Amino acid sequence: GENVEQHPSTLSVQEGDSAVIKCTYSDSASNYFPWYKQELGKGPQLIIDIRSNVGEKKDQRIAVTLNKTAKHFSLHITETQPEDSAVYFCAASKENTGRRALTFGSGTRLQVQP
Amino acid sequence: ETGVTQSPTHLIKTRGQQVTLRCSSQSGHNTVSWYQQALGQGPQFIFQYYREEENGRGNFPPRFSGLQFPNYSSELNVNALELDDSALYLCASSLADRGRETQYFGPGTRLLVL
């Protein structure tokens, strides 16, 4: 089955700096890669996703890049703010197949220092 | 807000008991997935229901079972509770449409087994 590895497990940055979180996946058939933000006591919130037919997607301060050859995708947050502090999860799945389960990474705890 | 609700928010049970957790999906969503999130880990896929039929199961024993109803609600049932079942249980609602699917999570039910 699919295996998703996520690094780093914790990340501390100064407000205004950029943050980068990296994930690798094992199943070359995976074609959908969402990123979720989870705040304390809440469920995961989708912040951005990318499908395998594109290499990069951007939404304001957040961007995701995908390298299908290396089976690697990354989340980039620019101009970080204290409210960006949370746990971030990457995930992978195979859309348009019988089983569309998300396989998650182990999470990155991002701390933005004011 | 994702429009996905779960009840109850918290629950305490003792080992050997049975529990039913409930989820209300977004209107029109034909798929619900359930995940177990242990403390400090990423969510793990339990199973998925598509149009009221089970559509894939993760590495969980048969004492984890589910139902999906026509009114966009669903249940997760766990029999013979074990201490290791203590976790946050998340449901995710999605619409499988033309090969694309985005999962939106509820706030979760935190289960403690004593």
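Since we're looking at a predicted model, the values are computed, not measured. (Residues numbered from 1 in each chain as written. Chains lettered and ligands numbered in written order. Predicted model: local features only at pLDDT ≥ 70, side-chain atom pairs only at ≥ 80, totals over all residues. Heavy atoms only, no water.)

Things to note about the state of the cysteines
So, point 1. All told, the structure shown has two disulfides over all chains when counted by the stated rule.
So, point 2. Between the sulfur of Cys-23 of chain A and that of Cys-90 of chain A lies a disulfide, 1.9 Å long from S to S. Its S-S torsion of approximately -100° makes the covalent link between Cys-23 of chain A and Cys-90 of chain A left-handed. A residue pair is termed long-range when its members are at least 10 positions apart, and Cys-23 of chain A in strand E3 (residues 19-25) and Cys-90 of chain A in strand E9 (residues 86-92) qualify at 67 residues. Of the two residues, Cys-23 of chain A and Cys-90 of chain A, neither departs from the other in class, the shared state being buried.
So, point 3. Across the disulfide, Cys-23 of chain B is cross-linked to Cys-91 of chain B (sulfur-sulfur distance 2.0 Å). One quick way to see it: the torsion about the S-S bond of Cys-23 of chain B and Cys-91 of chain B is about 75°, and its sign makes the bridge right-handed. With Cys-23 of chain B in strand E3 (residues 19-24) and Cys-91 of chain B in strand E9 (residues 87-94), this residue pair connects regions lying 68 residues apart in the sequence.
So, point 4. A residue is classified by how much of its surface remains accessible, and Cys-23 of chain B, at 3% relative accessible area, is buried. (Disulfide = S-S within 2.5 Å. Helix = DSSP H or I, 4+ residues; strand = E, 2+ residues; numbered from the N terminus. Buried < 20%, exposed > 50% of the residue type's maximum accessible area, 1.4 Å probe, protein only.)

Observations concerning the sheet that holds E3 of chain B
Residue and element names in this part refer to chain B.
So, point 1. One open sheet holds the four strands; their spatial order is E1-E3-E8-E7, and the pairing between them is antiparallel. Each edge of the sheet is formed by a strand with only one pairing partner; in this case those strands are strand E1 (5-7) and strand E7 (64-68). Neighbour-to-neighbour, the strand axes of the sheet open up by a mean angle of 20°, direction not taken into account.
So, point 2. Two elements, E7 and strand E8 (residues 73-78), share five bridges in a ladder whose sense is antiparallel. The partner of Phe-64 across the bridge, within E8, is Val-78. (Pairing = 2+ DSSP bridges. Axes fitted to C-alpha atoms, helices over the stretch in contact; angles between N-to-C directions.)

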